[in-house]
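So the chains spell out like this:
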Amino acid sequence: MKTLMVFDFDDTVVDDNSDTWVIRCLPSNTLPDSVKNSYRKGHWTEFMGSVMNYIGGQKVSPEKIRSVMETIPFTAGMTDLLTFISDHKSTIDCIVISDSNTLFIDWILQASGLQAAVDRVFTNPARFNELGYMEVRCHHSHDCERCPVNLCKRKVLQRYLSEQSAGGVEYQRVLYAGDGGNDLCPASCLGGRDVVMPRKGFALEKLLVKLEDGAPLSARVVTWSSGADILEELKASGGTDLCLSDSHLAVDVRSPSENQPRQD
């Protein structure tokens, strides 16, 4: 059976928040107070609609926005991790569940050449309207009281697993890597064979520590600081197949002389 790798995007795959990175496309690199003060707790996507409307009103072109978004840095070790996933698609499925939007994530993955690693992206749909302004809509509606109004990651993950199961795909293990408070809800639905991976020093790790005194998760918790930490856990979760695959590839790339026994 396959392993499912689930990623948050901002401050996980990339080492910043894509929704705040976009402000760099403005000449002033900042928003006016009238836009900043329009944010309401739990309504981030609505706020981003106001941000992108302001950016459009400043005559910033779609091409300029895209070029800025393509410069956001990946988290250390993440490109190696995604490359590994791309090379092992027969044993690893990979999805992204994010509070960002479709355009930002697609642009960033395409610019890096790593889009083949990701099978599905679940996020807020975005498009440019007839004025050239970017519009962002909520991913879905839901009744979860723990999550922002636009997205419950747990419901997305559970629906995906159900659809995959109906199609005959069962996962040996699910690994969930994230950083933020909205990653706690999906982590709570993971089972005993699964692994939740909070980024060290970020909100999700702190929330999971608080849970230890109450109702702890069923899943094992493994913190990470770089993509290399996630890769190590992913290889371990994949069992011998991934390890043997890597060993085979390592032998293949050695020269004939390197494969000969040492003559000491």
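These notes cover the structure that comes with them. (Residues numbered from 1 in each chain as written. Predicted model: local features only at pLDDT ≥ 70, side-chain atom pairs only at ≥ 80, totals over all residues. Heavy atoms only, no water.)

This part covers the overall build of the chain. Within the chain one finds 11 helices and 8 strands. Counting every position in the chain, which comprises 264 residues, the buried fraction comes to 44%. When contacts within the chain are restricted to residue pairs at least 6 apart in sequence, long-range pairs at least 24 apart make up 68% of them. Surface exposure of the chain reaches about 13100 Å², of which carbon and sulfur atoms provide 49%. (Helix = DSSP H or I, 4+ residues; strand = E, 2+ residues; numbered from the N terminus. Buried < 20%, exposed > 50% of the residue type's maximum accessible area, 1.4 Å probe, protein only. Contact = heavy atoms within 4.5 Å. Areas by Shrake-Rupley, 256 points an atom, 1.4 Å probe, with all protein chains shown as cover.)

We now examine the packing of helix 5 (residues 78-87) against helix 10 (residues 227-237). Between helix 5 and helix 10, whose axes approach to 7 Å, the crossing angle comes to 30°. Relative to helix 10, the element helix 5 is oriented roughly parallel. When you trace helix 5 past helix 10, the crossing you get is left-handed. Counted together, Met78, Leu81, Phe84 and Ile85 of helix 5 and Gly227, Ile230, Leu231, Leu234 and Lys235 of helix 10 form the full contact between these two elements. Looking at the contact of helix 5 with helix 10 residue by residue, the classes come out as 7 nonpolar, 1 polar and 1 charged. (Axes fitted to C-alpha atoms, helices over the stretch in contact; angles between N-to-C directions. Parallel < 35°, antiparallel > 145°, perpendicular 65-115°, else oblique. Left-handed = near helix turned anticlockwise from the far one by under 90°. Nonpolar A, V, L, I, M, F, W, Y, C, P; charged D, E, K, R; others polar.)

Met5, Phe7, Val22, Met52, Ile65 and Ile85 are the most contacted members of the largest nonpolar core, which has 52 residues in total. The element that contributes the greatest number of residues to this core is helix 6 (residues 102-112), accounting for 6 residues. (Core = buried A, V, L, I, M, F, W, Y, C linked by side-chain atoms within 4.5 Å.)

With the rule as written, the count across this model stands at 6 aromatic pairs. Seen in terms of ring centroids, phenylalanine 104 and tryptophan 107 are 6.1 Å apart; in terms of plane orientation they differ by 40°. Their pairing is tilted. One end of the pair, phenylalanine 104, and the other, tryptophan 107, are both in helix 6, 3 residues apart, so they sit about a helical turn from each other. For phenylalanine 104, a relative accessible area of 0% gives the class buried. Grouping aromatic residues by their ring pairs yields a cluster made of Tyr39, Trp44 and Phe47. (Phe/Tyr/Trp six-rings, centres within 6.5 Å; stacked < 30°, edge-to-face > 60°.)

So, about helix 3 (residues 44-57). Between the first and last C-alpha of helix 3 there are 20 Å, a value that for 14 residues agrees with the 20 Å anticipated at 1.5 Å per step. Along helix 3, the residues that are buried comprise Thr45, Phe47, Met48, Val51, Met52, Ile55 and Gly56. After helix 3 finishes, the residue lysine 59 shows a positive phi value of roughly 65°. (Expected span 1.5 Å × (residues − 1).)

In spatial order, the strands read 3-2-1-6-7-8; together these 6 strands make up an open sheet with parallel pairing. Edge strands, defined here as strands with exactly one partner in the open sheet, are strand 3 (120-124) and strand 8 (220-221). Looking at chain direction, strand 6 (residues 171-178) and strand 7 (residues 195-198) are connected through 4 bridges and run parallel. Following the sheet pairing, glycine 178 is matched in strand 7 by proline 198. Lying on the sheet, helix 5 is in contact with strand 1 (2-7) and strand 2 (92-101); it crosses strand 1 at an angle near 145°. Each of strand 1, strand 2, strand 3 and strand 6 touches helix 7 (residues 153-166); the most contacted strand, strand 2, lies at about 150° to it. (Pairing = 2+ DSSP bridges.)

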